[in-house]
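Coordinate analysis (summary)
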Amino acid sequence: LDLAYQAGSAASGRALLAAGGRLAAVAAGGGEQGAALALAALTGDTVEVDALLAAGTSVNARDADGATALHAAARAGDAAMVGHLLARGADPDAA
């Protein structure tokens, strides 16, 4: 599952999540969960964002650069995704 997200394949990641897969980083508290969530936010994929959150990813998880999914959505200028993340508890002050 981690490799699917590292390769940028949200569709594969979603299929693996649906089959019961877990990101190793979700269990270990690592940064890959933040990278997967940021990728989903950057691409405007609300289904993927919600799947990752349901799988235990924190809405405020950070990627390896310290950015959150909210940062990614804001950088992309995606107001709908920003609102989606805020509605799910993203911290706008987590800069």
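Going by the structure above, here's the rest.
Criteria and cut-off values
- Residues numbered from 1 in each chain as written.
- Predicted model: local features only at pLDDT ≥ 70, side-chain atom pairs only at ≥ 80, totals over all residues.
- Heavy atoms only, no water.
- Salt bridge = Lys/Arg side-chain N within 4 Å of Asp/Glu carboxyl O.
- Helix = DSSP H or I, 4+ residues; strand = E, 2+ residues; numbered from the N terminus.
- Buried < 20%, exposed > 50% of the residue type's maximum accessible area, 1.4 Å probe, protein only.
- Arc of directions from axis to C-beta.

1. Remarks on the pattern of salt bridges
Overall, the coordinates contain one salt bridge when judged by the stated rule. Between aspartate 50 and arginine 88 there is a salt bridge whose closest N-O contact spans 2.7 Å. Pair noted here: aspartate 50 is in helix α5 (residues 46–54) and arginine 88 is in the segment after α7 (79–87), with a separation of 38 residues, a long-range link. Residue arginine 88 is classed as partly exposed on the basis of its relative accessible area of 37%.

2. Quick notes on helix α6 (residues 69–76)
Regarding α6, the residues found buried are Ala69, Leu70, Ala72 and Ala73. Mapping the buried residues of α6 onto a view down its axis gives an arc of 160°, with all of them on the same face. Once α6 ends, the next one or two residues include glycine 77, with phi positive near 70°.

Shape is all these values report; function is a separate question.
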